[in-house]
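Structural description and commentary
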Amino acid sequence: MSRRILLKTEVESLPRHVAIIMDGNGRWAKLHGHPRIYGHQKGVERAREATEFALEVGIEVLSLYAFSTENWARPQEEVEFLMKLLEEYLAAETPVMVEKGIRFNPIGRISQLPPSTQRMVLEAVKATDNNQGFTLNLALNYGGHAEIVDACKKMCYEVQRGALTPQEIEEVTLEGYLYTKGQPPLDLLIRTSGELRISNFLLWQVAYAELYFTPVLWPDFDRVEFYKALLDYQKRERRFGGVRD
Ligand code: FPP
């Protein structure tokens, strides 16, 4: 499926920034008689597919929620497996991202990840640093509250060293300290698996985003499902608090 074929008449109203809460790996595994970790393995394949699709259709930024600040509460075995999976993903995908022109931008408190994972994350950032046109925000140890707290802290340090005054602080100032600095606003947030929650993902950025909830479990969310979400988005009327013409 290419951008030309699929969105022939709708390219104008394509979202620039899409975020996905990839939920339902565990339930999918259970449903198919497998351990939870098998669901995560399938989930990684879908994350690859979603990235490829977003790049093909011409989305500029894709934000994927891979690991939240709350996910450390999972059984240690599962957390360790997820970190291993992430390392395998980075080892395989970094050269692909370099080749395809994908900029890898991890979002979250990266310094709290295991050292070996951190190293690979930073290598991927460095390797794809010159890429432009498409950015993959991979949320790792990410929390929306934590992101806003970190942004406030950074602003406070700027005030402390005299580079900023409290009077100068506007919404756009704070935006400049978020992980999504300089990126297009979030247009569409997708959540799979039927849960109707934001779960602390991109709390600031979600303000005017369109929300798309689907019962499909993440390991079943293929490019056709992604395409359906885009079509649904294109039917929405976005007013940003204003009125219709
Ligand atoms: C939700 O399923 C998924 C996660 C907690 C994150 C894991 C995501 C992946 C493995 C896919 C992408 C990963 C990378 C490295 C790109 P769940 O376990 O909460 O499912 P459940 O709600 O059915 O239990």
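Now for a quick tour of the structure.

Turning next to the state of the cysteines. Tallying each qualifying case throughout the model produces zero disulfides. Looking at C152, it has no disulfide partner, and the nearest cysteine sulfur is the one in C156, 6.6 Å off. Overall, the relative accessible area of 31% leaves C152 in the partly exposed class. On the basis of relative accessible area, C156 is assigned to the exposed category, the value being 51%.

Let us now look at the nonpolar core. Formed by 44 residues in total, the largest nonpolar core has its most connected members in I20, L62, L136, I190 and F226. Among the elements that take part in this core, helix α4 (residues 76-100) stands out by supplying nine residues, more than any other. Setting aside its immediate chain neighbours within four residues, L62 contacts V18, I20, A50, T51, A54, F134, T135, L136, N137 and F226. Counting 13 residues, the second-largest nonpolar core is a separate cluster that includes L186, F201, L202 and A209.

Attention now goes to the site of the ligand. Inspection of the region around the ligand gives 17 residues, with G26, R27, R36, A66 and R74 positioned closest. Within the backbone of G24, an N or O atom sits 3.4 Å from an oxygen atom of the ligand. Within the backbone of G26, one N or O atom sits 3.0 Å away from an oxygen atom of the ligand. Computed on the free molecule, the ligand has an accessible area of 620 Å², of which 90% lies beneath the protein chains in the complex. Comparing atom positions with the cavity grids shows the ligand to sit within the largest pocket. Breaking the shell around the ligand down by element, the ones donating at least two residues are α2 (25-31), α3 (36-57) and α4. At five residues, the largest contribution of residues to the shell around the ligand is made by α3. Among the residues forming the shell around the ligand, the class breakdown is seven nonpolar, six polar and four charged.

This next bit is on the packing of α3 against α4. Remark: α3 packs on α4, axes separated minimally by 11 Å, with the N-to-C direction vectors making an angle of 25°. Classified by the angle between their axes, α3 and α4 sit roughly parallel to one another. Here α3 runs over α4; the crossing is right-handed. Note on element contacts: α4 touches α3 through E78, F81, L82, L85, Y89, A92, E93 and K100, opposite R36, I37, H40, Q41, V44, R48, E52 and L55. Residues belonging to the contact of α3 with α4 are distributed by class as follows: eight nonpolar, two polar and six charged.

Before going further, it helps to spend a moment on the packing of α3 against helix α8 (residues 223-235). Look at α3 against α8: their axes get within 10 Å of each other, and the N-to-C directions meet at 50°. With respect to α8, the axis of α3 lies oblique. Between α3 and α8 lies a crossing whose hand is right-handed. Of the residues in α8, those touching α3 at E49, A50, E52, F53, A54, E56 and V57 are R223, F226, Y227 and L230. Looking at the contact of α3 with α8 residue by residue, the classes come out as seven nonpolar, no polar and four charged.

So, how was this worked out
Residues numbered from 1 in each chain as written. Predicted model: local features only at pLDDT ≥ 70, side-chain atom pairs only at ≥ 80, totals over all residues. Heavy atoms only, no water. Disulfide = S-S within 2.5 Å. Buried < 20%, exposed > 50% of the residue type's maximum accessible area, 1.4 Å probe, protein only. Core = buried A, V, L, I, M, F, W, Y, C linked by side-chain atoms within 4.5 Å. Helix = DSSP H or I, 4+ residues; strand = E, 2+ residues; numbered from the N terminus. Contact = heavy atoms within 4.5 Å. Near = heavy atom within 4 Å. Polar contact = N/O pair within 3.5 Å; in protein donor to acceptor, adjacent residues only side chain to side chain. Areas by Shrake-Rupley, 256 points an atom, 1.4 Å probe, with all protein chains shown as cover. 1 Å grid on protein atoms, 1.4 Å probe; cavity = no way out; pocket = protein on both sides within 12 Å on 5 of 7 lines; lining within 4 Å. Sits in = over half its atoms within 2 Å of the grid points. Nonpolar A, V, L, I, M, F, W, Y, C, P; charged D, E, K, R; others polar. Axes fitted to C-alpha atoms, helices over the stretch in contact; angles between N-to-C directions. Parallel < 35°, antiparallel > 145°, perpendicular 65-115°, else oblique. Left-handed = near helix turned anticlockwise from the far one by under 90°.

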